[in-house]
Amino acid sequence: MNNLLKFELRKIFAKRVNLLALSFILALSLMFSFATLQNMYATDGSGIEGSGKAAVEIDKQIAKKYAGPLTDEKVQEMMTEFKPGHDLHGMNAKYLYMNATQSAAFSRFSDMNGDWNGLSVSDVFGDEVIKIGYTAGWLQTSQNLAKILIVLSFVIILITAPVYSGEYGGVDAIILTTKYGKTKCATAKIMASFMASFFITAFVLAVNLLFAVTIYGTDGLGCSILFAHQDFVEGYIPFNITCGTVIKYQILLAFLSALAVTGISLIVSSLCKNQMIAFVISAALYVIPVLLPISEVSPLYRVIVLAPLFYSQYISIMSVGRMANGWLYAVWAIPVALMIAIIGAVFSRKKFQTYQVG
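Enquirer: Tell me about the side chain of Thr-141, residues and numbers included.
Expert: Tracing the backbone through its elements, the reader meets Thr-141 in helix 7 (residues 136-160). When its relative accessible area of 8% is taken as the criterion, Thr-141 is described as buried. At 2.9 Å, the side chain of Thr-141 forms a polar contact with the backbone oxygen of Gly-137. Setting aside residues up to four positions removed in sequence, Thr-141 forms contacts with Asn-208, Ala-212 and Tyr-216.

Here is the structure:
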């Protein structure tokens, strides 16, 4: 079995198209990471400004000044320190961006002119304790990961779609089946597929997270995502969880996505004799759920959001709600992904065996 497993893994990682796909996902990760860093800008309001890594350091220093629980006193300090010193020409001050901390404060506590709007911390966040810190870099990393992990799913489909479909009628399948038997050959293909998917997912996550740790540090991981700059006010996860918790959920969902996508791809691969058709059908099955005209208020939405594409996109499934035990609804992805993977493994093995020549 070990020799069979090594053989199947070698076939996956030796294909030029697969190596090109892996190189592409690595290049995409680095491109997003560096582009995000270079596009960062911050000023402390007293004449010190910078972009890129300099902006990160400015943001970190300001966040450090106000670190800890958000209070009404801190809000007043922020509103005073960052009050616009120039004419906004009709622009709403809540959209003014000087630095991440200022933007987070103004988007919630500023009126049109940049003065305090009269709201208290409890008015905005209720009884939640909001811990302030530098989260901007990690939240941007998280959003980049969502795009990268969706592309990664197509890469996983690309490398697993030929696992069965590329073997029908091939000489390798006949020779290996004769030597090792039908069950061992099919099992080796399944194991190799899941191992390859997990390895690639771990590699992509490691590259992105290592970059984030190196540039942004880890201090902000223990801070609330709710006190984030304007880009994250609407349409983001509406719960008071830390930035680190978001990243942990995203890592979990990334591996669950790899598990489910591989399961789907194995089923299709075992049914198709053409590799390209297997890839197209698998990719279509992956994309279709997000295209369905189902509103977020529909009861069916809680079912649709458990499709693998939503794991990579992550914001929708994590925004559905909390359960009675405090866990986010996203944990339901665990049994769903496992079920898809098991069905994929069992079905594809039986189907492939019926085509083998023993």
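Additional details are given in the paragraphs that follow.
Enquirer: Account for the packing of aromatic side chains, naming residues and giving values.
Expert: Using the criterion set out here, one finds 7 aromatic pairs in the structure. Ring geometry for Phe-34 and Phe-211: centres 5.0 Å apart, planes at 75°, overall edge-to-face. Remark: Phe-211 occurs in helix 10 (residues 182-216) and Phe-34 occurs in helix 2 (residues 16-38); sequence separation between them is 177 residues. Since its relative accessible area comes to 44%, Phe-34 is described here as partly exposed. When its relative accessible area of 13% is taken as the criterion, Phe-211 is described as buried. Measuring from centroid to centroid gives 5.6 Å for Phe-198 and Phe-255, while their planes differ by 40°, and the two rings are tilted. Of this pair, Phe-198 sits in helix 10 while Phe-255 sits in helix 11 (residues 243-271), and the two are 57 residues apart along the sequence. Since its relative accessible area comes to 31%, Phe-198 is described here as partly exposed. For Phe-255, a relative accessible area of 24% corresponds to the partly exposed category. Lying across the ring of Phe-32, Lys-147 places its NZ or CZ 5.6 Å from the centre. Between Arg-302 and the ring centre of Tyr-329, over which it is positioned, the NZ or CZ distance is 4.9 Å.

Enquirer: Requested: an account of the confidence of the model for the chain, with residues and values cited.
Expert: Mean pLDDT over the chain stands at 91; residues scoring 70 or higher make up 93%. Per-element confidence in the chain ranges from a low mean pLDDT of 46 for helix 9 (residues 171-180) to a high of 97 for helix 11.

Enquirer: Requested: an account of the nonpolar core, with residues and values cited.
Expert: Generally speaking, soluble globular proteins have nonpolar side chains that are buried together. Counting residues in hydrophobic clusters, the biggest one holds 109 residues, and the most contacted among them are Leu-70, Tyr-216, Phe-227, Tyr-311, Ile-317 and Met-318. Not counting the four nearest positions on each side in its chain, Ile-317 is found in contact with Leu-253, Val-305, Leu-306, Phe-310, Tyr-311, Tyr-329, Ala-330 and Ala-333.

Enquirer: Now, about the pattern of salt bridges: what can you tell me, with residues and values included?
Expert: In this structure the tally under the stated criterion is 5 salt bridges. Between Lys-53 and Glu-57 there is a salt bridge whose closest N-O contact spans 2.6 Å. Taken as a pair, Lys-53 and Glu-57 lie in helix 3 (residues 53-65) at a separation of 4 residues, close to a single helical turn. According to the relative accessible area criterion, Lys-53 is partly exposed, its value standing at 36%.

Enquirer: I'd like to hear about the packing of helix 2 against helix 7, residue by residue, with values.
Expert: Running from N to C, helix 2 and helix 7 cross one another at 175°; their axes reach a closest spacing of 10 Å. In terms of orientation, helix 2 lies roughly antiparallel with respect to helix 7. Where helix 2 approaches helix 7, its residues Val-17, Asn-18, Ala-21, Leu-22, Phe-24, Ile-25, Leu-28, Ser-29, Phe-32, Ser-33 and Thr-36 are matched on the opposing element by Gln-140, Asn-144, Lys-147, Ile-148, Val-151, Leu-152, Val-155, Leu-158 and Ile-159.

Enquirer: Report on unusual backbone geometry, specifying residues and quantitative values.
Expert: In this structure, His-89 is a non-glycine residue whose phi angle is positive, near 55°. Following the sequence through the fold, His-89 ends up in the loop between helix 4 (72-81) and helix 5 (100-109). By relative accessible area, which is 68% here, His-89 ends up exposed. At Tyr-314, a position not held by glycine, the phi torsion is positive, near 60°. Mapped onto the elements, Tyr-314 comes out in the loop between helix 14 (308-313) and helix 15 (315-319). Owing to a relative accessible area of 0%, Tyr-314 belongs among the buried residues under this scheme.

Enquirer: So, the packing of helix 1 (residues 2-14) against helix 2: which residues are in play, and what are the values?
Expert: Angle between the axes and distance between the axes are the two parameters that describe a pair of packed helices. Orientation of helix 1 relative to helix 2, taken along the N-to-C sense of each, is 65°, at an axis distance of 5 Å. Taken together, the axes of helix 1 and helix 2 lie roughly perpendicular to each other. Of helix 2, the residues touching helix 1 (which contributes Ile-12, Phe-13 and Ala-14) are Arg-16, Asn-18, Leu-19 and Leu-22. The residue inventory of the contact of helix 1 with helix 2, partitioned by class, reads 5 nonpolar, 1 polar and 1 charged.

Enquirer: Describe helix 1, listing the residues and the values that go with them.
Expert: Across its 13 residues, helix 1 extends 18 Å between first and last C-alpha, which sits within 8% of the 18 Å expected from 1.5 Å per residue. Buried within helix 1 are the following residues: Leu-4, Leu-5, Glu-8, Leu-9 and Ile-12. One side of helix 1 carries all its buried residues, which in axial view fall inside an arc of 130°. Within helix 1, the exposed residues directed more than 90 degrees away from the buried face are Asn-2, Asn-3, Lys-6, Arg-10 and Ala-14.

What counts and what doesn't
- Residues numbered from 1 in each chain as written.
- Predicted model: local features only at pLDDT ≥ 70, side-chain atom pairs only at ≥ 80, totals over all residues.
- Heavy atoms only, no water.
- Helix = DSSP H or I, 4+ residues; strand = E, 2+ residues; numbered from the N terminus.
- Buried < 20%, exposed > 50% of the residue type's maximum accessible area, 1.4 Å probe, protein only.
- Polar contact = N/O pair within 3.5 Å; in protein donor to acceptor, adjacent residues only side chain to side chain.
- Contact = heavy atoms within 4.5 Å.
- Phe/Tyr/Trp six-rings, centres within 6.5 Å; stacked < 30°, edge-to-face > 60°.
- Lys NZ or Arg CZ within 6 Å of the ring centre and 35° of its normal.
- pLDDT = per-residue confidence, 0-100.
- Core = buried A, V, L, I, M, F, W, Y, C linked by side-chain atoms within 4.5 Å.
- Salt bridge = Lys/Arg side-chain N within 4 Å of Asp/Glu carboxyl O.
- Axes fitted to C-alpha atoms, helices over the stretch in contact; angles between N-to-C directions.
- Parallel < 35°, antiparallel > 145°, perpendicular 65-115°, else oblique.
- Nonpolar A, V, L, I, M, F, W, Y, C, P; charged D, E, K, R; others polar.
- Expected span 1.5 Å × (residues − 1).
- Arc of directions from axis to C-beta.

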